[in-house]
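Structure assessment
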Amino acid sequence: MTVNIKGSNTGTVTDLDGSFEIKAESGSILVFSFVGYVSQEVIIKDQTSLSINMETDIASLEEVAIIGYGKVKRSNLTGSVSTVSSETLEKTNKIDAVSSIQGQVAGVTVQRTDNKPGSGGFNIRVRGANTINSGSGNGGYSPGQNPLFVVDGIFVDDISFLNPADIERMDVLKDAASAAIYGSRGTNGVVIIQTKKGKEGKMSIRYNNYVGFKEIYNLPPVFDGQSYIPFLRDVVVGNQFASNKDGNFSQYSAAAVNIEDYLSEEELQNIANGVSTDWVDLITRNGFQQNHTLDLSGGNENTVYAAGLGYTEDEGTTYGEDFKRYTLKGNIQSDLTDWLTFGYDNYITLATTNEGSLEAFRSAYRLKPIGRAYDENGDLLFLPTQKETQVSNPIFDTKNWKLENKYINFIGNISLSIKPLKGLSITTKFAPNVKYTRLGEYRGLYTKSAIGNQSSTRAQVDNFLDYSYTWDNIIDYNKDIDSDNSIAATFIYSRFLQENESYNIQIRNFSSDNFLFYNLGAGSNINSYGSGFSKQTLESYTARVNYNLMDRYILTLTGRYDGASVLSEDNKWAFFPSASLAYRVIRENFMNSQKVFSDLKLRLSYGQTGNNGIGGGLNPLGTLSLLNSSYTNLGDASVPTLFVSGLANQDLSWERTSEVNVGVDFGFLNNRLTGSVDIYNRNIRDIIFFRPLPTATGFSGTFDNIGESRNRGIEIGLNAKIIDNDNFKWNTNINFASNRNEIVNLYNNSNEIIFGAQGGTFIHRVGEPTGSLYGYKYDGIWQLDQAEEAATYGQKPGQVRVVDINGDGQITEQGDRTVLGNPLPKWTGGFTSTMNYKDFDFSFFVYTSQGVTISSNFHNARAFSYDGEPARLWNGYDTNYWTPDNPTNNWFQPGNGGPYQQAIKNMDVSFVKVGFMTLGYSLPTTTTEKLGIKRLRLYTTVQNPFTFTDYDGWDPENAGRNTYGAAFMSRTYMAGLNFSF
């Protein structure tokens, strides 16, 4: 809120609690103003403090939405745009900016793919799957097609470099009409991020911090030393069932198994000594976490400024993992004259991520609990048992495997704006982004990778230099034609350039582990090396016109003409139009007499966006035929050769997305209840996909425009002021979204594309969602009294039974596989509740993802590994599995899963998570005034305290993730303060 002395240049702004300080003489008039509220004037007498209650301005509703290359009053918004405020970001207290919006915006699905600190592992989808391509590497399956991020006008690929405490707001452009201003860059939606800027008034200094720790939880059940022995016996019986030829299964029993036939003397002695090693406990810890942010801002009517620095530390729950981030920001905007304005922003990040061992996590789950970590003298054992020669003690991995990712990232924005005429401004902005990354890895002698073999020790260094810039030239014209008609026009010429360099080398056979990856010359064998360079450019011409009639009918027209260097010569350019209309019904005269609505607006939009294939795996040279080098033998000589490595497609053109959006914004009870509903239909055609070719052509495939898909859905957002009085306030926010994705057609009248990815089998099939899970449908476990029927299918009791879909008495890939579900949720939702009682505040947040089906990697890898080799048997999944004495349908007999055991591992991984619970206390204004400060709030928070799910693997959110390099789900306890003066 802004507080000014009327008739003077003196003023200030309040903090988040509304507290302020200003020197005013008796008789002066203070003017209080804030967007969306009625301005108030108060005459100062002899008082030293004031308490002002602002009233909502129902008529104007002046809250601003950022729409790309501009802003507009939310009441005049014609598209579908959602905003996440700095207040919301402050409540979430997340390390990374992406997770701050998880569950906060209807229609935006945020999936965490990696629990390691600093990983930045997220898939973000705005309104479902917008393309099916991800290149040739994994058959076209992509876990996520992330939206375009625009940070202070700069295009970036991810936002992990940002400290969430530095963000002022995040606006998500969801419909194609809103995103069309970004043309080919906006096909997956747009997230516009504004960092905190300077504000007019006395210099303000803010310090925010939190410290805490996190612990692992939701661990899947595995066997301890005592329960492992019955499990081993059951595995042996399972092997006997699997190899049975005569149909007599009663001859086998666990009691008859002699474990001495399968365990070494060392293992038998460990059992006798009561050894039960919890390998997970040995490699995990409570991870320390902290964040500190210090910033200042201020200015006068001509110049505003802000500067700040931040430090973040996140220690992983597995030894050897941690993340540290330093940030430095600064910005200034100055009216040099009445017609000339200068602006400059920068944001610098230095971050280091230690990923630790990529093997320790899964080794801790593989090793038998009857192995030992330490010998009789307390020294670590590299191999827990003499018999185990492939999986080493994971404690060694946490100490001897170093994987460090360090980067420095700079984004900047320098602008100059002139106002030659009233209502006309001409602005030029140059926004560079430079990022240097060094990835260093060393796998020492005592790691699972080297397994004690010196020749297998390795050091690798990868260097990446990424440079890009955006140069925007913008003309804005605003004209109030008369009291009922106004027009706003924006014209943009933009150039974007991106260059990427990479260099890598791997050396093996180190005589000492002391050098890590800092002395590559200490190794004797060069295993591999390489380098790379790519460049792409994009040129754009854009126009947007907004017409407002009587503040009741608002029309927005946008057109963008893009040219992309990555496409073929005849298809580089494309035009992306949009139109949107808003009808503010509440401004009609006939609404004055009704008492139901306090706000009502109808919206209709149509827009087109594009995709040039870069986000889907098409590299900048993907439309060209390239030459690669190789060698061939001519007689006894090795001769260098060249060969064509790619098949050019000169007809490759833009992928296009067209969308119709219908929406309504409403308010009831003097806007005590507000909300919006959006219904959309999005069609994607000319999808860019790596189309496989027959091997006889000599090429694996080529990029082509191959198909069409559709997304349809509904989004609902509600905000309620349930209680609103002087001492107690209770506000809630609810959002809900449901999306239905469907492939409409594929190339050459093909009906389907089947491929493997993420540990499962997937399918792109016409009439089904993109990337659907595909396979046999689980139908229980074959029981002993079904042995004869099972035999007709070539199976045994205890094995997984699947549905004979076509009823032909046999199970075949062609006749009995079916679509089982989809990795994308059928619906998502979020609920935030905030309560304030006097100086106390309490808030919590719950979000859910429902209808997600995935091939569970925990169950693929852990249930049951090597159960066909009892002597080598790893630890296993402690569940209610089938035995002759326990005829359950819950899980198959260990050692006897049968040919279709994958079917039981395809699971619904829906979940409900409590994102955070926060309790805070703010010092009252009377106390802060005595202390000479503006605000002091103390709070405590627990993040991710509860997860409700039927899934019993590690984390339902990334259940399909490979266990190589995986990490544990954790909850975090923290305390912090918000301080300003």
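What counts, and at which threshold
- Residues numbered from 1 in each chain as written.
- Predicted model: local features only at pLDDT ≥ 70, side-chain atom pairs only at ≥ 80, totals over all residues.
- Heavy atoms only, no water.
- Helix = DSSP H or I, 4+ residues; strand = E, 2+ residues; numbered from the N terminus.
- Rg over C-alpha atoms; globule rule 2.2 N^0.38 Å.
- Buried < 20%, exposed > 50% of the residue type's maximum accessible area, 1.4 Å probe, protein only.
- Contact = heavy atoms within 4.5 Å.
- Areas by Shrake-Rupley, 256 points an atom, 1.4 Å probe, with all protein chains shown as cover.
- Lys, Arg positive; Asp, Glu negative; His and termini not counted.
- Charge placed at Lys NZ, Arg CZ, Asp CG, Glu CD.
- Core = buried A, V, L, I, M, F, W, Y, C linked by side-chain atoms within 4.5 Å.
- Pairing = 2+ DSSP bridges.
- Axes fitted to C-alpha atoms, helices over the stretch in contact; angles between N-to-C directions.
- Polar contact = N/O pair within 3.5 Å; in protein donor to acceptor, adjacent residues only side chain to side chain.
- Patch = residues over 30% accessible without salt bridge, like charges linked within 9 Å, V, L, I, M, F, W, Y side chains within 5 Å.
- Salt bridge = Lys/Arg side-chain N within 4 Å of Asp/Glu carboxyl O.
- pLDDT = per-residue confidence, 0-100.
- Expected span 1.5 Å × (residues − 1).
- Domains from an automatic or database assignment.

**Digging into the overall build of the protein chain**
The helix and strand tally for the protein chain stands at eleven helices and 47 strands. The C-alpha radius of gyration computed for the protein chain amounts to 31 Å, which stays within 12% of the reference 30 Å derived for 981 residues, consistent with globular compactness. For the protein chain, the C-alpha atoms occupy an extent of roughly 100 × 70 × 65 Å along the three principal directions. Each of the 981 residues in the protein chain was classed as buried or not, and the buried ones make up 52%. Put simply, 68% of the contacts in the protein chain that link residues at least 6 apart link residues at least 24 apart. As displayed, the protein chain offers around 42,100 Å² of accessible surface, 52% of which is attributable to carbon and sulfur atoms. Counting 83 positive and 104 negative side-chain charges, the protein chain places the centres of these two groups 5 Å from one another.

**So, the nonpolar core**
Grouped together as the largest cluster of nonpolar side chains are 65 residues, with contacts concentrated most on Ile132, Tyr228, Phe231, Val800, Val802, Trp891 and Val909. Of all the elements in the fold, those that place two or more residues in this core are helix H3 (225–243), helix H5 (279–283), helix H6 (360–366), strand E35 (752–757) and strand E39 (800–802). Top element by residues in this core is H3. It accounts for eight residues. Counting 33 residues, the second-largest nonpolar core is a separate cluster that includes Val105, Val110, Ile167 and Tyr347.

**Some remarks on the sheet that holds strand E7 (residues 81–85)**
Read from one edge of the open sheet, five strands run E7-E12-E13-E10-E11, paired in mixed fashion. The sheet is open, and its two edges are formed by E7 and strand E11 (154–156), each paired on a single side. Across the sheet, the axes of successive neighbouring strands diverge by a mean angle of 25°, strand direction being ignored. When strand E10 (residues 148–151) meets strand E13 (residues 190–195), the two strands line up parallel, connected through four bridges. In the strand pairing of E13, valine 150 is matched with isoleucine 192.

**Brief notes about the sheet that holds strand E40 (residues 818–821)**
Strand order across the open sheet formed by four strands is E35-E36-E37-E40, with antiparallel pairing between neighbours. What marks the edges here is a single partner per strand, and that holds for E35 and E40. Going across the sheet, the axis of each strand differs from the next one's by a mean of 45°, ignoring polarity. In the sheet, strand E36 (residues 760–765) pairs with strand E37 (residues 772–775) via two bridges, with the strands oriented antiparallel.

**Let's talk about the side chain of serine 833**
Relative to the helices and strands, serine 833 is located in strand E41 (residues 827–837). There is a polar contact of 2.8 Å between the side chain of serine 833 and the side chain of tryptophan 730. Setting aside residues up to four positions removed in sequence, serine 833 forms contacts with Trp730, Asn731, Thr732, Phe842, Ser843 and Phe844.

**Section: a negative patch on the surface**
Taken together, the side chains of Asp224, Asp278, Asp281 and Asp878 make up a negatively charged region of the molecular surface. Looking at the element boundaries, aspartate 281 is found in helix H5.

**Remarks on the environment of tyrosine 973**
Checked against the element boundaries, tyrosine 973 lands in strand E47 (residues 970–980). Apart from the residues within four sequence positions on either side, tyrosine 973 is in contact with Val211, Gly212, Phe213, Glu215, Thr941 and Val942. At 3.2 Å, the side chain of tyrosine 973 and the side chain of glutamate 215 are in polar contact.

**Examining the confidence of the model for the protein chain**
For any part of a model where pLDDT is low, the fine detail of the predicted coordinates should not be relied upon. Taken as a whole, the protein chain shows an average pLDDT of 89; of its residues, 94% reach a score of 70 or greater. Contacts for the low-pLDDT stretch residues 134–144, under 50 throughout, to residues beyond four places or in other chains number 37 contacts.

**Things to note about H3**
The end-to-end C-alpha distance of H3, which contains 19 residues, comes to 28 Å, matching closely the 27 Å that a straight helix rising 1.5 Å per residue would cover. Those residues of H3 not exposed but buried are Gly225, Tyr228, Ile229, Phe231, Leu232, Asp234, Val235, Val236, Val237, Gly238, Asn239 and Phe241. Looking at the packing, one finds that the buried side of H3 touches helix H4 (265–272).

**Regarding the pattern of salt bridges**
Pairing of side chains with opposite charge becomes possible as their charged atoms draw close. Across all of its chains, the model carries 40 salt bridges by this definition. Salt-bridge contacts for aspartate 551 lead to arginine 584; the nearest nitrogen and oxygen are separated by 3.3 Å. With a gap of 33 residues between them, aspartate 551 in the loop between strand E23 (523–549) and strand E24 (553–564) and arginine 584 in the loop between strand E25 (573–583) and strand E26 (597–611) connect regions that are remote in the sequence. Comparing aspartate 551 with arginine 584, the two get one shared label, buried. Aspartate 678 is paired through a salt bridge with arginine 603; the nearest N and O atoms lie 2.9 Å apart. Placement of the pair is aspartate 678 in strand E30 (residues 673–685) and arginine 603 in strand E26, with a sequence separation of 75 residues. The exposure class of aspartate 678 is buried, given its relative accessible area of 4%. Bridged by salt links that share partners, the residues Arg127, Lys174, Glu659, Arg682 and Glu715 form one connected network.

**Focus: a nonpolar patch on the surface**
On the surface, a nonpolar cluster with roughly 650 Å² of combined accessible area is contributed by Leu555, Leu557, Leu581, Leu604, Tyr606, Val660, Val662 and Ile679. At the level of elements, E24, E26 and strand E29 (655–668) are the ones that each hand at least two residues to the nonpolar patch. Relative to the elements of secondary structure, valine 662 occurs in strand E29. For valine 662, a relative accessible area of 44% puts it in the partly exposed group.

**Examining the environment of serine 19**
Tracing the chain through its elements places serine 19 in the loop between strand E2 (11–13) and strand E3 (29–33). Here serine 19 falls in the buried class, since its relative accessible area comes to 12%. For the pair serine 19 and leucine 358, spaced 339 residues apart in the sequence, the C-alpha separation amounts to 50 Å. When near neighbours in sequence (up to four residues on either side) are disregarded, serine 19 contacts Thr14, Thr925 and Lys934.

**Things to note about the domain arrangement of the protein chain**
For the protein chain, the assigned domains are domain 1 (2–44), domain 2 (64–206) and domain 3 (207–224 + 276–420). Look at where the C-alpha atoms of domain 1 and domain 3 centre, and you get two points 42 Å apart.

**Concerning the environment of leucine 919**
Mapped onto the elements, leucine 919 comes out in strand E45 (residues 911–922). For leucine 919 and serine 843, which are 76 residues apart along the polypeptide, the C-alpha to C-alpha distance reads 6.7 Å.

**Considerations on unusual backbone geometry**
Even without a glycine there, the phi angle at asparagine 218 is positive, about 65°. Phi angles above zero are rare outside glycine, and leucine 669 is one such case at about 55°. Within the secondary structure layout, leucine 669 lies in the loop between E29 and E30.

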